[in-house]
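Listed below, chain by chain, are the residues.
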Amino acid sequence: VDNQPVNNFKFEQEFLGYQTNEIEPIVRTLQSYMTRSRPSVEIQNDGNDESSKAIAKVAEDVVNAKYELDNEFLRAREAAFWLLTVGNVFSKDYWDYNGGNYVRDYDEATGQWVQGDRLSGNNCSSILTPFHMILDHSVLDFEQQPYVGDQYVVDVDWARQAFNIDMPGYTGKASKIT
């Protein structure tokens, strides 16, 4: 009658209900309690002489610096989240050969120190979920696992460079990665 188009729509009851994620606030709260305080590390000297006390003090300073440099607070929150969500989490502390600064090489021809193309590497830590782990699923006891690995997607050129290392544990076939 008033020349307006007729809008046909179906009334759907489920969109009127209150929807929420019931698990997320619980996980967030537990995560907060689990990471409320900084982990305590006790470092003891092995003698009463001043040298032993100084060594223990340096070790304590290194642990405290590592906590800050590796963002361990964020890692603890991430670990707590995954532990509460899936029931298991792994922490990986490793030497990253692609980290650090470029190593300076001595050029005998010029008698100068020049920046090389090798990196010095750096300590690195990360949190891995069970979704990133490679296990032998036929072995049910974790202590009996023949191997534990982790997986991630990387650029092929990066993989060639990162794994082209002549050391025990490396196959020497990194250049053949396609």
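Looking at the confidence of the model for the chain
Phase 1: Per-residue confidence for the chain gives a mean pLDDT of 79; residues scoring 70 or more make up 85%.
Phase 2: The model gives residues 6–11 a pLDDT under 50, and that stretch makes 1 contact with residues more than four places away or in other chains.

Observations regarding a nonpolar patch on the surface
Phase 1: There is a patch of nonpolar side chains on the surface, built from Ile26, Leu30, Met34, Leu83 and Leu84 and spanning about 410 Å² of accessible area.
Phase 2: Only α1 (23–34) and α3 (72–86) provide two or more residues apiece to the nonpolar patch.
Phase 3: Counting residues per element, the nonpolar patch draws most heavily on α1, at 3 residues.
Phase 4: Relative to the elements of secondary structure, leucine 84 occurs in helix α3.

Quick look at the pattern of salt bridges
Phase 1: Throughout the structure, instances matching the rule amount to 3 salt bridges.
Phase 2: In this structure, the salt-bridge partner of aspartate 157 is arginine 160, at a minimum N-O distance of 3.1 Å. Pair noted here: aspartate 157 and arginine 160 are both in helix α4 (residues 156–163), with a separation of 3 residues, about one helical turn.
Phase 3: Given the relative accessible area of 29%, arginine 160 is considered partly exposed.

Definitions and limits used
- Note that residues are indexed from 1 along each chain, following the sequence as it is written.
- Where local features are concerned, this predicted model is filtered to residues with pLDDT of at least 70; where side-chain atom pairs are given and counted, the filter is 80 or more; whole-chain, interface and lining totals use all residues.
- Where side-chain values are given, they derive from all heavy atoms of the structure, hydrogens and water being excluded.
- Every residue is assigned a pLDDT by the predictor, reflecting its confidence on a scale from 0 to 100.
- In this analysis, two residues are considered to be in contact whenever any of their non-hydrogen atoms come within 4.5 Å of each other.
- Patch membership needs two things, relative accessible area over 30% and no salt bridge, and members are linked within 9 Å if like-charged or within 5 Å if nonpolar (Val, Leu, Ile, Met, Phe, Trp, Tyr).
- The Shrake-Rupley method, run with a 1.4 Å probe, gives the accessible areas here. Residue values count only the displayed protein chains as cover.
- Criterion for a salt bridge: a side-chain nitrogen of Lys or Arg within 4 Å of a carboxyl oxygen of Asp or Glu.
- Here a helix means four or more residues in a row that DSSP labels H or I, a strand means two or more in a row labelled E, and each is numbered from the N terminus.
- Burial classification: accessible surface area is computed with a 1.4 Å probe over protein chains only, and a residue below 20% of its type maximum counts as buried, one above 50% as exposed, and the rest as partly exposed.

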